[in-house]
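This is what each chain is made of:
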Amino acid sequence: ARTLNECLLLQLEAMPETTPYRAHAIDIRVVRIPLVRPFRTSFGVESEKECILAAVDTGDAIGWGECVASPVPGYSSEFNAGVLELLRTFLGPALIAAGDITSGDLDRVFSSVRGNPMAKATLVNAFLDAELRAAGTSLAAHVGAERERVACGVSVGITATTDALLEQVHGYLAEGYRRIKLKIEPGLDVERVAAVRAAHPDILLSVDANAAYTLDDVDVFRELDRSRLLMVEQPLHHEDIVQHATLQARIASDICLDESIRSAADARAAIGLGSCRIVNIKQGRVGGVPEAVRVHDAARAAGIPVWCGGMLETGVGRATNLALAAMPGFTLPGDTSASHRYFMEDITEPFVLAPDGTMGVPDGPGIGVDPIPERLLETTVHAEHVS
C-alpha cells in the first residue's frame, strides 16, 4: 500500500502544468446601465447599475472581471470609488509588477492589501479568465461544473404595495423562475410574505432581510415560519455568526447566510456553530472564483447546500456566476436571472431564461462571453489604464 505522501505526489504528477502568464496592461471602466425598474432592499433603492469592469491583457488573451460593489457602502463596506482607488494605486500595480504568474499565485500577489475582497475579485477573475482563454478551457470546466444548464430563481425587491408585489411574483412565475425570493424589512414582512404564499401555495419561496433585524425580532421570524419558507437569508447583522446560531435554534425555517460569509473560513465557522443550514455564495463577495470554490467545498464537506447569489451583475458577472452554479454542491436555484430582468440591453449578448426555468452555462474559453464593443462604449462613464 502506498503512503499518503506517495499518493499526493502521484496526484501532483498527474495534474497538468499551469502555464504562467504576465499581466501587461489593465483597462478599468466604470459603467452605468439603467435598471428596468427600481430595486429596493432594506438598505436602499437602486435605479441604475453602476459597476467597475476590468480587462487584463496578458499578451496571449484578454480576460474580464466585474466588481460587485455599489456606488455607496450599503451592502458592503466596499464601494466603487474606493475600489477604483485600490485598483489604480495598489492592486493593479501589484499585478503588473508580479511578472510571470498563474492564477494560483494571486493570493500572494495581493497579500499586502488586507480585506477588500470585492476589489480583489475584479482582478482575480479577470486574470483567471485570461489564463483560461489562452488555454482554451472554459471556466465551467475549470471549476468542475457538472451541468450544462442551471435552475434559476429571482429576487423581488420591496414594492410600494402588496398588490404590486403579487403582480411581479405572478409575472416571474409565468416566465418560469423556479424560486421566488422576497426582500423584506421591519414592517414589510409577515403580511406580504403570507399573501404571496396564499396566492402560490406550492412554490419555493424564500425571504432576504439583508441584516435588517435583531434577536428581539424572533417573533417575526416565528410568524414567517408559517409561510413554509425555503430559507430566511441574512436576518441579523452583516458580520455576525454567533447570534445567528441563537436565532436558528429558536425558529423552524432554515437560515441562510450571505453577508456574514466572506471566506471559506467564515463558512466553516458558521456551519460549526450552527448559525445556518444553507450558504449563499457570491464569488465577488468572497474575493473571486477560487475562494468561492473553496466555500463550496467547505459547505459540501459538511453536507450544507449552497446556491449562487446575484448582485445585479452585467453579462460579465452573470457568466461567471453560471459556471459556479453548475458545480455539484449548488443544489438550490440561485439569483442568476435573465438579463432582461434588470436591463433593457446588457453589455454582452443577453442571457435568456428557458421556459423550464433554466439557463445555459457558457462553454467557450474562459467565461465564454465578451462585452459588445459598442455597448461598452455607450455605458462607460470613466476609463483608466494601468500598465
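That block above? That's the structure.
If you're wondering where the values come from, they're calculated on a predicted model, not measured in any experiment. The residue numbers shown here count from 1 along each chain, following its written sequence. Whole-chain, interface and lining totals are the exception, using all residues; otherwise, since this is a predicted model, local features are given only for residues with pLDDT of at least 70 and side-chain atom pairs are given and counted only at 80 or more. Side-chain figures throughout are based on the complete set of non-hydrogen atoms in the structure, without hydrogens or water.

### Describing the packing of helix α6 (residues 162-175) against helix α7 (residues 190-199)
Then step 1. The convention used is that axes are lines fitted to C-alpha atoms, helices contributing only their stretch in contact, and that angles between N-to-C directions extend from 0 to 180 degrees. Numbering of helices and strands runs from the N terminus; a helix is a DSSP stretch of H or I covering at least four residues, while a strand is a stretch of E covering at least two. For the pair α6 and α7, the least separation of the axes is 10 Å and the interaxial angle reads 40 degrees. Between α6 and α7, the angle falls in the class oblique. Crossing of α6 over α7 shows right-handed handedness. Between α6 and α7, the residues in contact are T162, L165, L166 and V169 and R192, A195, V196 and A199, respectively.
Then step 2. Think of it as three bins: nonpolar holds Ala, Val, Leu, Ile, Met, Phe, Trp, Tyr, Cys and Pro, charged holds Asp, Glu, Lys and Arg, and polar takes everything else, Gly as well. For the contact of α6 with α7, the class distribution of residues is six nonpolar, one polar and one charged. Any angle that falls under 35 degrees is termed roughly parallel, while one over 145 is termed roughly antiparallel, one within 65 to 115 roughly perpendicular, and all others oblique. Two helices crossing with the near one rotated counterclockwise from the far one by less than a right angle form a left-handed crossing, whereas a clockwise rotation gives a right-handed crossing. Should any heavy atoms of two residues lie within 4.5 Å, those residues are counted as being in contact.

### Structural notes on the packing of aromatic side chains
Then step 1. Note on ring pairs: Phe, Tyr and Trp rings are taken, using the six-membered ring of Trp, and paired if centres are within 6.5 Å. Classes follow the plane angle, with under 30 degrees stacked, over 60 edge-to-face and the rest tilted. Considering all chains together, one arrives at three aromatic pairs under this definition.
Then step 2. Centroid distance Y213 to F221: 5.1 Å. Interplanar angle 65 degrees. Geometry classified as edge-to-face.
Then step 3. To sort residues, take the accessible area from a 1.4 Å probe on protein chains only and compare it with the maximum for the residue type: under 20% means buried, over 50% means exposed, and anything in between is partly exposed. Relative accessible area serves as the criterion here: at 4%, Y213 is assigned to the buried category.
Then step 4. By definition, being over a ring means that NZ of Lys or CZ of Arg is both within 6 Å of the ring centre and within 35 degrees of the ring normal. Positioned above the aromatic ring of W307, the side-chain terminus of R179 is 5.2 Å from the ring centre.

### Topic: the nonpolar core
Then step 1. We define the nonpolar core as a collection of buried residues of types Ala, Val, Leu, Ile, Met, Phe, Trp, Tyr and Cys that are connected through side-chain atoms lying within 4.5 Å of one another. Ranked by size, the top nonpolar core spans 81 residues in total, and within it I180 and L182 carry the most contacts.
Then step 2. Discounting chain neighbours no more than four positions away, the residues touching L182 are V156, L165, V169, V193, V196, L205, S206, V207 and D208.

### Regarding the packing of helix α2 (residues 80-97) against helix α4 (residues 117-135)
Then step 1. It is at 9 Å that the axes of α2 and α4 come closest, and there the two elements cross at 45 degrees. Taken together, the axes of α2 and α4 are oblique relative to one another. Our pair here, α2 against α4, has a crossing hand that is right-handed. In this structure, α2 uses V83, L86, L87, L91, G92 and L95 to contact α4, whose residues at the interface are A119, K120, T122, L123 and F127.
Then step 2. Considered class by class, the residues forming the contact of α2 with α4 number eight nonpolar, two polar and one charged.

### Some details on the pairing of strand β12 (residues 278-281)
Then step 1. On β12, burial covers both faces: I278 and N280 on one face and V279 and I281 on the other are all buried.
Then step 2. Pairing between two strands is assigned when DSSP locates at least 2 bridges connecting them. Here strand β11 (residues 255-257) runs beside β12; their pairing, made up of two bridges, is parallel. By the bridge assignment for β12, C256 is matched with I278.
Then step 3. Classification remark: right-handed applies to a crossover when, strands pointing away from the viewer, the course from the first strand over the helix to the second runs clockwise. With respect to chirality, the unit in which β11 leads through helix α10 (residues 264-273) into the neighbouring parallel β12 is right-handed.
Then step 4. As defined by bridge partners, β12 adjoins strand β13 (residues 306-308) across three bridges and the pair is classed as parallel. Within β13, the residue paired with I281 across the bridge is C308.

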